[in-house]
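An overview of the molecular structure
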Amino acid sequence: MRSIERTLLAWTLGALTLGATLVALVTYLVTLEEMHEVFDADLRNVAKAVASHHRAWSKSDSVTRVESPLRTDKPDGAEIVTLTWTLQGQQIFSSDPRVALPFTDSEGLSRSSVNDEAWIVYSNISEHGVAQAAQRLAAREELATESASKVFPPLIGLVVVVGGLLVFGLRRSLRPLDSASAIIAQRNAQSLEPIDSDDIPIEISPLVSSINDLMGRLGVAFAA
């Protein structure tokens, strides 16, 4: 037999769990959007700063290439990689030569893929050359995921607490059903008095009224 209590709990807890998941998802998306705004501004500022220090003179016949550092360390996911180019696409400097970002002559933000990794790149174009600042997209997604994961445990705790309160409230609210069942069980052919409906919950009042009508008709039938 299907339990009303279990059905209500299952639907309510399911709705709460779904709500908690949606809140965590919205937190992730909002945080990621905010991080895009902040980090995009950082990339723009870094690119402009690099452009002011590393000049790639487009009119020079011989461009002096700045020695790039030899990187053997493990890449930091949130690190900003900087590059400078001539206007003709000759690389002058790279803060991490392992990252082979493509040259671009378009001002502003763009996305590139390097070694199957998505990068967000800001390019600063001037008469002296091109300065780029780039960052892995995965770094932003990881930070957004971390923020959302911090929100999820309290939400699960809230679901557990609300579930416990629902169990207590439902069992307390369904006690009148047990009382009504006990009263109905006492009725027989010699005891067909109507059930007192003063303390009966509104939700089961139609059922109690139907039982009282039935017992009334049975009384009339037995009398006949």
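Residues numbered from 1 in each chain as written. Predicted model: local features only at pLDDT ≥ 70, side-chain atom pairs only at ≥ 80, totals over all residues. Heavy atoms only, no water.

With respect to the secondary-structure elements, Ala 118 resides in strand E4 (residues 117–126). Of the residues examined, Ala 118 reaches a relative accessible area of 38% and is grouped as partly exposed. Through-space distance from the C-alpha of Ala 118 to that of Arg 136 is 6.1 Å; in sequence the pair is 18 residues apart. Residues in contact with Ala 118, not counting those within four places in the same chain, are Ser 112, Gln 135, Arg 136, Leu 137 and Ala 138. (Helix = DSSP H or I, 4+ residues; strand = E, 2+ residues; numbered from the N terminus. Buried < 20%, exposed > 50% of the residue type's maximum accessible area, 1.4 Å probe, protein only. Contact = heavy atoms within 4.5 Å.)

Core analysis: the largest hydrophobic core is formed by ten residues, namely Val 81, Leu 83, Trp 85, Val 99, Leu 101, Val 114, Trp 119, Val 121, Val 130 and Ala 134. Listed by contribution, the elements that provide at least two residues to this core are strand E1 (81–85), E4 and strand E5 (129–136). Of all the elements, E1 adds the most residues to this core, at three residues. By size, the runner-up hydrophobic cluster in this structure holds six residues, among which are Leu 43, Ala 47, Ile 120 and Tyr 122. (Core = buried A, V, L, I, M, F, W, Y, C linked by side-chain atoms within 4.5 Å.)

Opposite charge on two side chains makes pairing possible when the charged atoms of those side chains draw close. A complete count under the given rule lists four salt bridges for this structure. Residues Arg 140 and Asp 40 are paired through a salt bridge, measuring 2.8 Å at the closest nitrogen-oxygen approach. Residue Arg 140 is found in helix H2 (residues 137–173), and its partner Asp 40 is found in helix H1 (residues 4–53); the two are separated by 100 residues along the sequence. For the pair formed by Arg 140 and Asp 40, the shared burial category is buried. The residue Arg 98 makes a salt bridge to Asp 96 at a minimum N-O spacing of 2.9 Å. The exposure class of Asp 96 is buried, given its relative accessible area of 2%. (Salt bridge = Lys/Arg side-chain N within 4 Å of Asp/Glu carboxyl O.)

A few words on a nonpolar patch on the surface. There is a patch of nonpolar side chains on the surface, built from Leu 18, Leu 22, Leu 25 and Leu 29 and spanning about 380 Å² of accessible area. Exposure remark for Leu 25: the relative accessible area of 44% places this residue in the partly exposed category. (Patch = residues over 30% accessible without salt bridge, like charges linked within 9 Å, V, L, I, M, F, W, Y side chains within 5 Å. Areas by Shrake-Rupley, 256 points an atom, 1.4 Å probe, with all protein chains shown as cover.)

As a further point, take the side chain of Thr 104. Take Thr 104: it is sitting in the loop between strand E2 (91–94) and strand E3 (108–114). Judged by its relative accessible area of 19%, Thr 104 is buried. In this structure, Thr 104 is in contact with Ser 123, Ile 125, Val 130 and Gln 132, ignoring residues within four places of it in sequence.

With that settled, consider unusual backbone geometry. Note on backbone geometry: most residues besides glycine have negative phi, and most peptide bonds are trans. Unlike most non-glycine residues, Asn 115 shows phi in positive territory, near 55°. Inspection of the secondary structure assignment puts Asn 115 in the loop between E3 and E4. Located in the positive-phi region is Asp 116, a residue other than glycine, with phi close to 65°. Following the sequence through the fold, Asp 116 ends up in the loop between E3 and E4.

Over its 19 residues, helix H4 (residues 205–223) extends 27 Å from the first C-alpha to the last, a length consistent with the 27 Å expected when each residue adds 1.5 Å. Residues Val 208, Ile 211, Asn 212 and Met 215 constitute the buried set of H4. The buried residues of H4 occupy an angular sector of 100° when projected down its axis, which confines them to one face. Opposite its buried face, H4 presents the exposed residues Pro 206, Arg 217 and Val 220, each directed more than 90 degrees away. Considering only its buried residues, H4 is in contact with helix H3 (175–185). (Expected span 1.5 Å × (residues − 1). Arc of directions from axis to C-beta.)

Taken as a whole, the chain shows an average pLDDT of 78; of its residues, 83% reach a score of 70 or greater. Low pLDDT, under 50, characterises residues 56–61; the stretch is placed with eleven contacts to residues that sit more than four places away or in other chains. (pLDDT = per-residue confidence, 0-100.)

Pairing of E3 with E4, which is carried by seven bridges, proceeds in the antiparallel orientation. Bridging from a neighbouring strand, Ser 110 pairs with Val 121 of E4. Once E3 ends, the chain turns through two residues before running back antiparallel as E4, passing Asn 115 with a positive phi of about 55°. The pairing of E4 with E5 spans eight bridges and is antiparallel. Within E5, the position partnered with Ser 123 by the bridge is Gln 132. Counted between consecutive antiparallel strands, the loop separating E4 from E5 contains two residues. (Pairing = 2+ DSSP bridges.)

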